[in-house]
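Tertiary structure, described
What follows is the residue order along each chain.
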Amino acid sequence: QVNVVEAGGGSVQAGESLILSCTASGTTYCVNGMNWYRQVPGKDREFVSGIGNDGDKKYSDSVQGRFTIDQNDAKDTVYLMMNSLKPEDTATYYCKTSTRSSLYCRNAVETWGQGTLVTVSS
């Protein structure tokens, strides 16, 4: 079983920065990437950023140039460095694992964290 825990959310003013962390623990062999999503009440959860075990990084257009994703050497912790925060970044941020597409990992389940709230005031 893989456990995922996010941390680092809080309340800041527009233009300030926050760093979110996501740590995966347990049996992580089948984890080949970590991703950040965010959700506002009443709206769909949207992709923010992701990183693969190979270091490949992706960002949504709305955060490109402002957010940076990185991972530790063990690839069990991912950081989302959020700069120049805007009120529209206000959301609950969730971390989700991606799984290897291998025969051994065919029954692995992608795992979500509990979420961490980011509030940006103008």
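Residues numbered from 1 in each chain as written. Predicted model: local features only at pLDDT ≥ 70, side-chain atom pairs only at ≥ 80, totals over all residues. Heavy atoms only, no water.

Attention shifts here to the packing of aromatic side chains. As enumerated under the stated definition, the model contains four aromatic pairs in all. Geometrically, the ring pair formed by Tyr 37 and Phe 47 is edge-to-face, given 5.6 Å between the ring centres and 80 degrees between the ring planes. You can see Tyr 37 sitting in strand β4 (residues 31–39) and its partner Phe 47 sitting in strand β5 (residues 46–52), a full ten residues away along the chain. A relative accessible area of 27% means that Phe 47 is categorised as partly exposed. By way of ring pairs, the aromatic residues Tyr 37, Phe 47, Tyr 94 and Trp 112 are connected into one cluster. The ring centre of Tyr 94 lies 3.7 Å from the NZ or CZ of Arg 45, which sits over that ring. Cation over ring: Arg 45 sits above Trp 112, and NZ or CZ is 4.6 Å from the ring centre. (Phe/Tyr/Trp six-rings, centres within 6.5 Å; stacked < 30°, edge-to-face > 60°. Helix = DSSP H or I, 4+ residues; strand = E, 2+ residues; numbered from the N terminus. Buried < 20%, exposed > 50% of the residue type's maximum accessible area, 1.4 Å probe, protein only. Lys NZ or Arg CZ within 6 Å of the ring centre and 35° of its normal.)

Time to look at the state of the cysteines. All chains considered together, the criterion is met by two disulfides. Bridging Cys 22 to Cys 95, the disulfide has an S-S length of 1.9 Å. Because the sign of the S-S torsion sets the handedness, a value of about -80 degrees for the bond joining Cys 22 and Cys 95 places this disulfide among the left-handed ones. Of this pair, Cys 22 sits in strand β3 (residues 18–26) while Cys 95 sits in strand β9 (residues 91–99), and the two are 73 residues apart along the sequence. For the residue pair Cys 22 and Cys 95, the accessibility class agrees, reading buried in each case. The partner cysteine of Cys 30 in its disulfide is Cys 105, sulfur to sulfur 2.2 Å. Disulfide Cys 30-Cys 105: torsion about the S-S bond near -85 degrees, hence left-handed. Remark: Cys 105 occurs in the loop between β9 and β10 (116–121) and Cys 30 occurs in the loop between β3 and β4; sequence separation between them is 75 residues. Across this residue pair, the class does not change: Cys 30 and Cys 105 are buried. Along the protein, the cysteines that take part in disulfide bonds pair up as 1-3, 2-4, counted in sequence order. (Disulfide = S-S within 2.5 Å.)

Another aspect to go through is the sheet that holds β3. Spatially, the four strands line up as an open sheet ordered β1-β3-β8-β7, and their pairing is antiparallel. Looking along the sheet, the strands with just one partner apiece sit at the ends: β1 (2–7) and β7 (67–71). Going from strand to strand, the sheet's axes swing by 15 degrees on average, the running direction of each strand aside. In the sheet, β7 pairs with strand β8 (residues 77–82) via five bridges, with the strands oriented antiparallel. By the bridge assignment for β8, Gln 71 is matched with Val 78. (Pairing = 2+ DSSP bridges. Axes fitted to C-alpha atoms, helices over the stretch in contact; angles between N-to-C directions.)

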